[in-house]
Amino acid sequence: MNGAQPTAALILAAGLLATQAFGAAEIFVAPQGADANKGTRSAPLRTLSAARDRARMQAGKEPVTVIVADGVYYLAEPLTFTPADSGAPDTPVVYRSENEGGAVLSGGARLELRWTTYQDGILQASTPEGIAIDQLFVNGVRRHMARYPNHDATKTTSAYQGFAKDAFAKQRAAGWADPTGGYIHAMHRSRWGGYHYRITGKKPSGEVTYEGGWQNNRRMGMHEEHRMVENIFEELDAPGEWFHDATNRILYYMPIDGESPEESVVEVVRLPRVIDIRGSLEEPVHNITLEGFVVRHAARTFMQTDEPLLRSDWAIHRGGALLVTGGEDIIIRDMEFDQLGGNAIFFNNYNRRVRVQGCHIHDVGASGVCFVGDADAVRNPLFEYRQKNDLQRIDRTPGPQSENYPADGVVEDCLIHGIGRVERQPAGVQISMSRAIAVRDTSIYDCARAGINIGDGCWGGHLIERCDVFDTVLETHDHGSFNSWGRDRYWRSDRSVTQEAVDADPNLPFLDAAETTVIRNSRWRCDHGWDIDLDDGSSNYDIYNNLMLNGGLKLREGFRRRAWNNITVNNGFHPHVWFDQSQDEVFSNIFMAGHRGAQTPAENAQGKRIDANLFFVTDARTVDRYARFGWDVDSIVANPRFIDPSSGDFRVAEGSPAREVGFRNFPMDQFGVKKSSLRSIARTPEIPPLKPGDGHESRGRRRPKAADAEFFWLGAKLHGLKGEEYSAFGTRKADGGVALVEAPESSLAAAVGLKTNDLIQAVNGAATPGIAQFLGAVAESGPSPLLVQIVRDQQPVEVAVSPSVKIDFETSDNVDELAVPTTSSLSVTAAKATSNSPLRSLTDGNVADSYGPVFPNGENGGAYKINLGKVQDVKAIRAWSHNKHGRRGAQRLTLYGSTLSRDPGWNVADRERFTPIASVDTTRLPRSEFEMSGVAAGAGSSLGAFRWVVWRVYPVTNSEENTAFQELAVEIGK
């Protein structure tokens, strides 16, 4: 055997020399070739691995080109390149399809099957021994495993294109003989991506057993409804579905209408990886170009998606149909990546100057292109969201601690779509633990999650430009066409600790986000989130010359974000929970809605400059909304005079008032892929008709005729979530909640352990999605202790509360059962005119079947006032009402007190004149003919000392009818 080796080497060398004589290191491959051939055009090789071995002999010495003829090349193992296959800058190694798209590299195999009839329209065929079928393709189209519920391609934004609450319920599983080997796919409970599980069997009691759920870094459990099962034989009931019985080697398939399986090309998937470029930091693979190939049929890898990424919501599988580890100057050009089960292209750990150019990436199970570095290169890395660094002990050396990460990579002139066909936490381009990655001139759409995602601040310097990204976040929630996180070493979920550390060392946020990331000259549209979403901690960004078509711009907590010269169509700016002294700047933009803040701005959280913007809205007062914080002092409300918005041209005309705030036009015809063959098939986003907002926080919301309603509990100001505010608390929109936007240290709320920005989601186990439900639950509990379920710093917490102030609530059809007060000499005044009964009837000791002195329909914020004559301790405040015509008995009000010696007027928002006492809302509680509601202090305490008491009341029906109050009473402490 030893003697045969030199002979083989001589044969290979002779073949290569013969090829050089005709074409200077050209090696040819064709389906009809043979690996014993010389590798010439007339005597080509058959396999790429043989061509690689021959190219290796000259690699780095002179240019080598491997030319691959049209055809399908089914690979038995990945085509692997090592450092020995490297070229050099002046002698590159090129592997090229002779005709672009002609040579197909497949990780699958073609099956020759003999079909027979099984039953109910299902065919069956024996399969080769030892074959495992992950995916099935018929005539090049992927077919679905037998599943429940069935796949409906028209449900593009529905989870898994069909979901069911009972997907693997005991009752459903009762019809399954043995579901072992099946899969459960379920969305995250907050729809932040998804989970996957392998079914391991059934318990004797009938419940399904399974393993998995590690594919999402926020492990909070399955969504209660968005679930699907597949690979269950008994669920094979729809055309295009299949099931493989591996034990008995039988493939079952239900053909689609008009399909003849006997005459069809049937392919299955074998390999999770088709091409593997395998180098390292110490010994990279370099100067190799892959050009013109189609890469198809790679296995699904969702059960290997188990590595968490730096406290982002992601877990990752370090693999792809094309995996590059330790690459330098690797070029992937003019290739197509089609119908792959996992990631298409993955740049793993050390990579430098790698390039993906002119590629078409589509119908991919996970992400399109991933750049992911080594966590060991990160200083003080943390992985699970709840983990926290001790900021007094972290390494304060800027930047990475090794070079084992991608840098200076490029994705350009590509078309990427159909992303996340299997997994639901993908991106068209994913960047994590990398530096200076550029994504340019690329169209990305039809994505289950983000189009472009930057998972952390390590280490910045990225460039996103001239991209067209839309139809994203299709099946998920609370995300953006562009999304980022920055939960770097400085960031903690308990924001106050981070704030204190950054106050002491303002450079802290930039230890990892050391270089500025730029997003510019791009077009974005997200109909299920934000167009551009900079989430937790994202810092050091410049965002300019962007056209945002639907979701607007969101900047959550972070530092030094500058956004200017952007246009947000039919939306605006969303500042969420900013840090103090964040140094953020937002200027010279065109917004079509007022700012929609969540806990921002605040006294210290005001940024550096939010000004000189143009608001294209209908309410001129929009610019004044946050004036007290110094925002928009020089902003204007005007029509920017777009040139041709219906055609997507949002440049402004000469003389536009937008120029007064510094806005400058930018090109509207340079978004997305430029390569002609790709641009001709690329979709573009729908351009929405212009709908200038009213300048208020929530579109479609009726503007009150008075200032917004205020509600309080235990001295804390309440706020019901609306619009996209739920995102600021890390919760689901469906769950809602009531936020304590102000809980002063002196308040009773603080005394029982509640804090500002706590989000109350339940009381004694009863959900409280809004203020009415919350105050109703408190009223129903009476004097009993409360168990309050809250979200604090995006984590669930329970607080036991024994309130010293209770909400009184009684109803009866018999007024005598409600302890009506006796006639009082106290006088009642009203802020605005009432009708029907006189105001004196509110203290006459009589609860009648009447409207009482009622405010007109639509009067939002009427008020009644009682003068106690002098400052006195108040024990209880109550009101009685009549459910006139079955609609006016509920009470929705806030109580205020004043100690002034003279009449304090009606501006209850003036804290120098009025003190909020408590709020009542009984609109969600049972109704009777009569009602008594109010608040009362516990034994030995009072509601406070006041001379004046005000009931500020609000409508209680959808048609804005006000309560039919009959009596008002104040109980003075003894």
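All values reported here derive from a predicted model rather than from experimental measurement. (Residues numbered from 1 in each chain as written. Predicted model: local features only at pLDDT ≥ 70, side-chain atom pairs only at ≥ 80, totals over all residues. Heavy atoms only, no water.)

Caption draft 1: Just the overall build of the protein, in detail. Helix and strand counts for the protein come out as 7 helices and 73 strands. Taking 30 Å as the expected radius of gyration for a compact globule of 974 residues, we find that the protein reaches 34 Å, a close match to that expectation. Based on the C-alpha atoms only, the size of the protein along its principal axes is roughly 120 × 65 × 55 Å. The burial tally for the protein puts 61% of its 974 residues in the buried class. Total accessible area computed for the protein in this model is approximately 36,400 Å², and 47% of it derives from carbon and sulfur atoms. Both charge centroids of the protein, one from 105 positive and one from 124 negative side chains, sit 3 Å from each other. (Helix = DSSP H or I, 4+ residues; strand = E, 2+ residues; numbered from the N terminus. Rg over C-alpha atoms; globule rule 2.2 N^0.38 Å. Buried < 20%, exposed > 50% of the residue type's maximum accessible area, 1.4 Å probe, protein only. Areas by Shrake-Rupley, 256 points an atom, 1.4 Å probe, with all protein chains shown as cover. Lys, Arg positive; Asp, Glu negative; His and termini not counted. Charge placed at Lys NZ, Arg CZ, Asp CG, Glu CD.)

Caption draft 2: Fine view of the environment of Tyr 896. As for its position among the elements, Tyr 896 is in strand 69 (residues 892–898). Those residues within four positions of Tyr 896 in sequence are excluded, and the remaining contacts are Glu 710, Phe 712, Val 908, Arg 911, Phe 914, Thr 915, Pro 916, Ile 917, Trp 948, Val 949, Val 950 and Arg 952. A distance of 2.7 Å separates polar atoms of two side chains, one belonging to Tyr 896 and the other to Glu 710. (Contact = heavy atoms within 4.5 Å. Polar contact = N/O pair within 3.5 Å; in protein donor to acceptor, adjacent residues only side chain to side chain.)

Caption draft 3: A look at the domain arrangement of the protein. Domain assignment breaks the protein into domain 1 (25–107), domain 2 (391–402 + 427–661), domain 3 (711–801) and domain 4 (805–972). Across the contact, 14 residues belong to domain 2 and 10 residues belong to domain 3. Together, the buried faces of domain 2 and domain 3 total about 1,000 Å²; carbon and sulfur atoms form 45% of this surface. When the buried surface of domain 2 facing domain 3 is broken down by residue, His 477, Arg 556 and Gln 599 rank first, second and third, together holding 41% of it. Linking domain 2 with domain 3 are 0 salt bridges, by the criterion used here. Where domain 2 meets domain 3, there are 6 residue pairs in polar contact (both at pLDDT 80 or more). (Domains from an automatic or database assignment. Buried area = accessible area lost by both parts, 1.4 Å probe. Salt bridge = Lys/Arg side-chain N within 4 Å of Asp/Glu carboxyl O.)

Caption draft 4: Expanded view of the sheet that holds strand 18 (residues 250–253). Ordered in space as 7-19-10-11-17-18-9-8, the 8 strands form an open sheet in which the pairing is mixed. Here the strands that pair on one side only, and so sit at the sheet edges, are strand 7 (108–111) and strand 8 (116–119). Each strand axis lies, on average, 35 degrees off the axis of its neighbour in the sheet, ignoring direction. (Pairing = 2+ DSSP bridges. Axes fitted to C-alpha atoms, helices over the stretch in contact; angles between N-to-C directions.)

Caption draft 5: Highlighting the pattern of salt bridges. Enumeration over the complete set of coordinates arrives at 74 salt bridges. Taking the shortest distance from any N to any O, the salt bridge between Arg 143 and Glu 259 comes out at 2.7 Å. One end of the pair, Arg 143, is in strand 11 (residues 141–145); the other, Glu 259, is in the loop between strand 18 and strand 19 (266–269), and 116 residues separate them in sequence. Taking the relative accessible area as the measure of exposure, Glu 259 reaches 14% and is therefore buried. Salt bridges sharing common partners tie together Arg 218, Asp 313, Arg 487, Arg 495, Asp 533, Asp 535, Asp 536, Lys 554, Arg 556 and Glu 557.

Caption draft 6: Region of interest: helix 7 (residues 771–781). Most of helix 7 sits inside the fold, with 9 of its 11 residues counted as buried. Buried within helix 7 are the following residues: Ile 771, Ala 772, Phe 774, Leu 775, Gly 776, Ala 777, Val 778, Ala 779 and Ser 781. At the C-terminal side of helix 7, Gly 782 shows a positive phi close to 60 degrees.

Caption draft 7: Fine view of the sheet that holds strand 15 (residues 208–212). Spatially, 12-16-13-14-15 is the arrangement adopted by the 5 strands of the open sheet, whose pairing is antiparallel. Of all the strands in the sheet, just strand 12 (147–148) and strand 15 have a single pairing partner and so form its edges. One ladder, built from 5 bridges, connects strand 13 (residues 183–188) with strand 14 (residues 194–202); its direction is antiparallel. When the bridges of strand 14 are listed, Met 187 appears paired with Gly 194.

Caption draft 8: Local environment of the environment of Arg 189. In this fold, Arg 189 is placed in the loop between strand 13 and strand 14. Using a relative accessible area of 25% as the deciding quantity, one classes Arg 189 as partly exposed. As a C-alpha pair, Arg 189 and Val 294 span 105 residues in sequence and 37 Å in three-dimensional space. Each residue touching Arg 189, except ones within four places of it in the same chain, is listed here: Met 220, Gly 221, Met 222, His 223, Arg 732 and Asp 735.

Caption draft 9: Inspection of the state of the cysteines at higher detail. Counted under the stated rule, the structure contains 0 disulfides. No disulfide involves Cys 370; its nearest neighbouring cysteine sulfur is the one of Cys 447, lying 12 Å away. The class for Cys 370 is buried, based on a relative accessible area of 0%. Cysteine Cys 458 shares no disulfide, and the gap to the nearest cysteine sulfur, in Cys 370, comes to 17 Å. Among the residues examined, Cys 458 registers a relative accessible area of 2% and is labelled buried. (Disulfide = S-S within 2.5 Å.)

Caption draft 10: Quick look at the layout of surface pockets. Empty space within the second largest pocket amounts to approximately 600 Å³. Along the wall of the second largest pocket there are 31 residues; nearest its centre are Arg 142, His 144, His 151, Gln 161 and Arg 421. Contributions of two or more residues to the lining of the second largest pocket are made by strand 11, strand 16 (222–230), strand 26 (336–340) and strand 36 (443–447). If you tally residues by element for the lining of the second largest pocket, the top one is strand 11, at 5 residues. Here the residues of the lining of the second largest pocket sort into 12 nonpolar, 8 polar and 11 charged. (1 Å grid on protein atoms, 1.4 Å probe; cavity = no way out; pocket = protein on both sides within 12 Å on 5 of 7 lines; lining within 4 Å. Points joined across faces, edges and corners; volume = space filled by probe spheres on them. Nonpolar A, V, L, I, M, F, W, Y, C, P; charged D, E, K, R; others polar.)

Caption draft 11: Focus on the nonpolar core. Counting 88 residues, the largest nonpolar core has Leu 290, Ile 332, Phe 337, Ile 345, Ile 452 and Phe 482 as the members making the most contacts within it. Split by domain, this core shows at least three residues from each of two domains, domain 1 (25–107) and domain 2 (391–402 + 427–661). Those residues within four positions of Ile 332 in sequence are excluded, and the remaining contacts are Leu 290, Leu 322, Phe 337, Ile 345, Arg 355, Val 356, Gln 357 and Cys 359. Of all hydrophobic cores here, the second largest spans 52 residues; its members include Trp 713, Ala 777, Tyr 864 and Trp 951. (Core = buried A, V, L, I, M, F, W, Y, C linked by side-chain atoms within 4.5 Å.)

Caption draft 12: Summary view of the side chain of Thr 80. You can see Thr 80 is positioned in strand 4 (residues 79–81). Of the residues examined, Thr 80 reaches a relative accessible area of 15% and is grouped as buried. In contact with Thr 80, not counting residues within four places along its chain, are Arg 52, Asp 85, Asp 276 and Arg 278.

Caption draft 13: Examining empty space enclosed by the protein more closely. In the structure shown here, the tally under the stated rule is 6 cavities of 30 Å³ or more. Considering only enclosed or pocket space, the largest cavity measures out at about 80 Å³ in volume. Trp 192, Arg 218, Asp 313, Asp 478, Trp 485, Arg 487, Asp 535, Asp 536, Ser 727, Gly 730 and Gln 794 together form the lining of the largest cavity. Of the residues belonging to the lining of the largest cavity, the class tally is 2 nonpolar, 3 polar and 6 charged. Composition of the lining of the largest cavity by domain shows at least three residues from each of domain 2 (391–402 + 427–661) and domain 3 (711–801).

Caption draft 14: How the structure looks around the pairing of strand 19. Residues Val 266 and Val 268 line one face of strand 19 and the alternating positions Glu 267 and Val 269 line the opposite face, and both faces are buried. Note: strand 7 against strand 19, 4 bridges, orientation antiparallel. Within the sheet, the bridge partner assigned to Leu 111 lies in strand 19 and is Val 266. The pairing of strand 10 (residues 136–138) with strand 19 spans 3 bridges and is antiparallel. The residue bridging Phe 137 from the neighbouring strand is Glu 267, located in strand 19.

Caption draft 15: Highlighting the environment of Leu 868. Along the chain, Leu 868 turns up in strand 68 (residues 862–882). Assessed through its relative accessible area of 9%, Leu 868 is described here as buried. In sequence terms Leu 868 and Phe 946 are 78 residues apart; their C-alpha atoms lie 7.9 Å from each other. When sequence neighbours within four positions are dropped, the list of residues in contact with Leu 868 reads Leu 826, Val 874, Phe 946, Arg 947, Val 949, Val 970 and Ile 972.

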